[in-house]
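Single-letter residue listing:
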Amino acid sequence: MNEIQTMNLAQKTMNNFTGFKINRRLFQLFFFISILFFSISSKAQFRASVVTVDITPNSPKMLLGYSARQSTGVHDKIYHRIIALDDGVKQFFLVSSDICVISPSEYDHVALLLQKKLGIDPLNFWWSLTHTHSAPEVGVPGLPAVFMGERYKHEVDKEYTSMVEQKLIDGITEARNKLEPARLGVGWGFSQANINRRAIDVDGKASLGLNPDGEVDRRIGLMRLDKANGNPLALIANYAIHGTVYGPANLEISGDAPGIVSSYVEQKTGVPLLFINGAAGNIAPIYSVTQSPYSSKENELRQFRVLLGDKILEANKNIFSTTDSVSLFTGSLNIETPRKANLGWSDDLAKYTRTTSTGVNMVKLPARFLKINENIAIWSLPVELFCEISNEIRERSPFPFTFYYGYTNGWLGYLPTAKAWENGGYEVETVSPYTPAVEQDLKESILGYLQGELKSIPMSKIDTTSKPKLVQPETDGTLRLSSQNGKPIGPNIKYMPDWIAYGWFTAADRVEWEVDVEVTGEYNVQLVWSVSDEEAGKQFLLEAGKQKLIGIIDPSGSWETFKSKNIGSIKLKAGRQKIIFKSNKPSDKGALLDLREIKLRIVKKS
């Protein structure tokens, strides 16, 4: 139990005994001493865990990668591999799944489930895919259906998708429960298991093939987690390679090179390996069945145990020091860049595009960042990135260990260099939604964040309090009144970063937001909250000037279970104003709710 969980538990305990007369000052003295104890101990005790979950189907499935085809058997099992990290303030979850790609909407769906069920901030949940081309499809196709609509004539496999989702949620729950004292080490390795795949002809045109003169990224970025006694707990290996050793003729389910390498390293070390793919948009495995028609697919795949697996083991031996003093920081950045002219878009990805006032369609590209102590920076994108871009960013980064995690939190196509447009080819002409401007837009944004905001954050003094600020409307006029941006007022209310919510919320407390309303009109109100069955049923008041919305706090199931519900509507006038959420009955005893967010969506302009 960390200090945030201790705070929540203690307050709920106090609220459940409202029938007794408790000396509040004495309780607070005892309570804050206990917080101090847990704070000191948690800061000194970094914790981690690892869980492996089998997601191999037991019936034929449509495979993703190449043209539409159905599996006929299983060559090797596929898995979710999950690592949980806890620095005493923040919990972070990294998942590596033996899957080709998913739509960002599938990631959003699972992230929302985790937020509701476990209180995990989506910023602290990364779902990375190994990009094997021999695994089943998961969820709706998303952007691939725009590029290759003829491939997706079959129905979405809802049963398998649901199984993959539930096993991921169960695995993260297990990982959270298994957290134990740990140490972290980091290092580099090198492997020649990959090669540039943009073959250039005499006319300058690119095609899928092999290009030994093309740029490549052969670094292995390795992190190791050890138990407190020094025994290994898990490895995280970051390497760029397409999961295409098995070609389009293969109909057996397989983790391909990433899966085989992971299993091999696990056999040698006795602990799980999370394989995290890198900037593999223009990088192929150095051998594949397609490229070597006279060699068996079994021999081709096995070679990667030596080509890459042994190199990971060698890099692991070169990590000589670890630390149990670990601080985590997560951040995000939305990068807007023009969309390719006359390109359609998938309905499930509406939040990832917008049209400017001048009629230009833009892609909204979500980047994520994880900073570990002062020397490790990890950034991720839901794309197939060309390695030249990640190589340059790594060289210009102020962090000695800068890793790029590709195929993470969805798939928004290939992201090539500006020069690649001159050569054309599959990655540019068929499966990219971008323009040549994307390289510069991306590099400026990522490097600006790494060199500026991320570098300047002092990891020893991460602020876990809410930071009230002016709430600005989103592009569609929606207003999000999050717990992070509100101002808590009252004797009991506290911000709980682990739950992204205000707890200790009683009738004597309230939250205020400064809001800049863009459009006068009627707004639907959606509340995200949790409350136990025992404390549910109290009246709330949402107030904006003279406008009021009164309702009842319904039970959510438990303090740890967050729900989202439309609770009515309220009229707002354009302009800057204060919006207040509080109890409607100051005489009520006990807890009102844990408040995560209020979303105001305009339904009628006036």
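A quick note: this is a predicted structure, and the numbers were derived from the prediction, not measured.

### With respect to the packing of helix α8 (residues 387-396) against helix α11 (residues 438-456)
Between two packed helices, both the angle of their axes relative to each other and the distance between the axes serve to describe the pair. One can describe the packing of α8 onto α11 by two numbers: an axis separation of 10 Å at closest approach and a directional angle of 25°. It follows that α8 is roughly parallel to α11 by the angle criterion. Note on packing geometry: the crossing formed by α8 with α11 is right-handed. Seen from α8, the contacting residues are Ile389, Glu392, Ile393 and Arg396; seen from α11, they are Glu439, Leu442, Lys443, Ile446, Leu447, Leu450 and Gln451.

### Focus: the confidence of the model for the chain
In this model, the chain carries an average pLDDT of 89, and 90% of its residues clear a pLDDT of 70 or more. Below pLDDT 50 for its whole length, residues 1-43 participates in 50 contacts with residues either more than four positions away or in separate chains.

### So, the pattern of salt bridges
One pass over the full model with this rule turns up 27 salt bridges. In this structure, the salt-bridge partner of aspartate 108 is lysine 351, at a minimum N-O distance of 3.7 Å. Of the two residues, aspartate 108 sits in helix α3 (residues 104-118) while lysine 351 sits in the loop between β17 (328-338) and β18 (353-355), which places them 243 residues apart along the sequence. On the basis of relative accessible area, aspartate 108 is assigned to the partly exposed category, the value being 22%. On the accessibility criterion, lysine 351 (52% relative accessible area) is exposed. Across the pair arginine 480 and glutamate 597 runs a salt bridge whose closest N-O atoms are separated by 3.2 Å. Remark: glutamate 597 occurs in strand β34 (residues 591-605) and arginine 480 occurs in strand β24 (residues 479-482); sequence separation between them is 117 residues.

### Some words on the packing of aromatic side chains
On inspection of all chains with the given rule, the structure shows 14 aromatic pairs. Measuring from centroid to centroid gives 5.9 Å for tryptophan 188 and phenylalanine 401, while their planes differ by 25°, and the two rings are stacked. Here tryptophan 188, found in strand β9 (residues 180-190), pairs with phenylalanine 401, found in strand β22 (residues 401-405); they are 213 residues apart in sequence, far enough to count as distant. Its relative accessible area of 27% is what places tryptophan 188 among the partly exposed residues. The buried category is assigned to phenylalanine 401, whose relative accessible area is 17%. Where tryptophan 188 meets phenylalanine 403, the ring centres are 5.1 Å apart and the plane angle is 85°; that geometry is what we call edge-to-face. In this pair, tryptophan 188 is assigned in strand β9 and phenylalanine 403 in strand β22, connecting sequence segments 215 residues apart.

### Brief notes about the packing of α3 against helix α5 (residues 158-177)
Two elements in contact, α3 and α5, have axes whose closest approach is 11 Å; the angle formed by their N-to-C orientations is 40°. Our classification of the angle between α3 and α5 gives oblique. Seen along the crossing, α3 lies across α5 with a hand that is right-handed. Here Glu106, His109, Val110, Leu113, Leu114, Lys117 and Leu118 of α3 lie close against α5, whose contacting residues are Thr161, Glu165, Gln166, Leu168, Ile169, Ile172, Thr173 and Arg176. A class-by-class count of the residues in the contact of α3 with α5 yields 7 nonpolar, 4 polar and 4 charged.

### Quick notes on the sheet that holds strand β1 (residues 47-54)
Strand order in the open sheet made by the 8 strands is β7-β6-β5-β1-β9-β12-β13-β15, with mixed pairing throughout. Unpaired on one side and paired on the other, β7 (125-129) and β15 (273-277) mark the two borders of the sheet. Ignoring strand direction, the axes of neighbouring strands in this sheet form an average angle of 25°. For β1 and strand β5 (residues 79-86), the ladder comprises 8 bridges, and the chain directions are antiparallel. Directly across from aspartate 54, in β5, lies its bridge partner tyrosine 79.

### Concerning unusual backbone geometry
The phi angle of most residues is negative, glycine excepted, and most peptide bonds adopt the trans form. Phi angles above zero are rare outside glycine, and asparagine 373 is one such case at about 55°. With respect to the helices, strands and loops of the structure, asparagine 373 is situated in the loop between β19 (361-372) and β20 (376-380). On the basis of relative accessible area, asparagine 373 is assigned to the buried category, the value being 17%.

Criteria and thresholds
Numbers given for residues are sequential positions, taken from 1 along each chain in its written order. In view of the model being predicted, local features appear only for residues whose pLDDT reaches at least 70, and side-chain atom pairs are presented and counted only at 80 or more, with totals across whole chains, interfaces and linings using the full set of residues. As a convention, hydrogens and water are excluded, and side-chain values are obtained from all of the structure's heavy atoms. Interaxial angles span 0 to 180 degrees and are taken between N-to-C directions of axes, which are lines fitted to C-alpha atoms, for helices over the stretch in contact. Each helix is a run of H or I in the DSSP string that is no shorter than four residues. Each strand is a run of E no shorter than two, and both are numbered from the N terminus. Comment on the angle field: the value is read as roughly parallel under 35 degrees, roughly antiparallel over 145, roughly perpendicular from 65 to 115, and oblique elsewhere. Left-handed is the label given to a crossing in which the near helix is rotated counterclockwise from the far helix by less than a right angle, and right-handed is the label when the rotation is clockwise. Whether two residues are in contact is decided by their heavy atoms, any of which lying within 4.5 Å being enough. Confidence of the predictor at the level of single residues is given by pLDDT, which spans 0 to 100. One side-chain nitrogen of Lys or Arg within 4 Å of one carboxyl oxygen of Asp or Glu is enough to make a salt bridge. Burial here depends on accessible area, computed with a 1.4 Å probe over protein chains only, as a share of the maximum for the residue type. Under 20% is buried, over 50% is exposed, and the range in between is partly exposed. For Phe, Tyr and Trp, rings pair up if their centres lie within 6.5 Å, where Trp contributes its six-membered ring, and each pair is then called stacked (planes under 30 degrees apart), edge-to-face (over 60) or tilted (otherwise). When residue character is reported, Ala, Val, Leu, Ile, Met, Phe, Trp, Tyr, Cys and Pro are called nonpolar, Asp, Glu, Lys and Arg charged, and the others, Gly included, polar. Note on pairing: two strands pair once DSSP finds at least 2 bridges between them.

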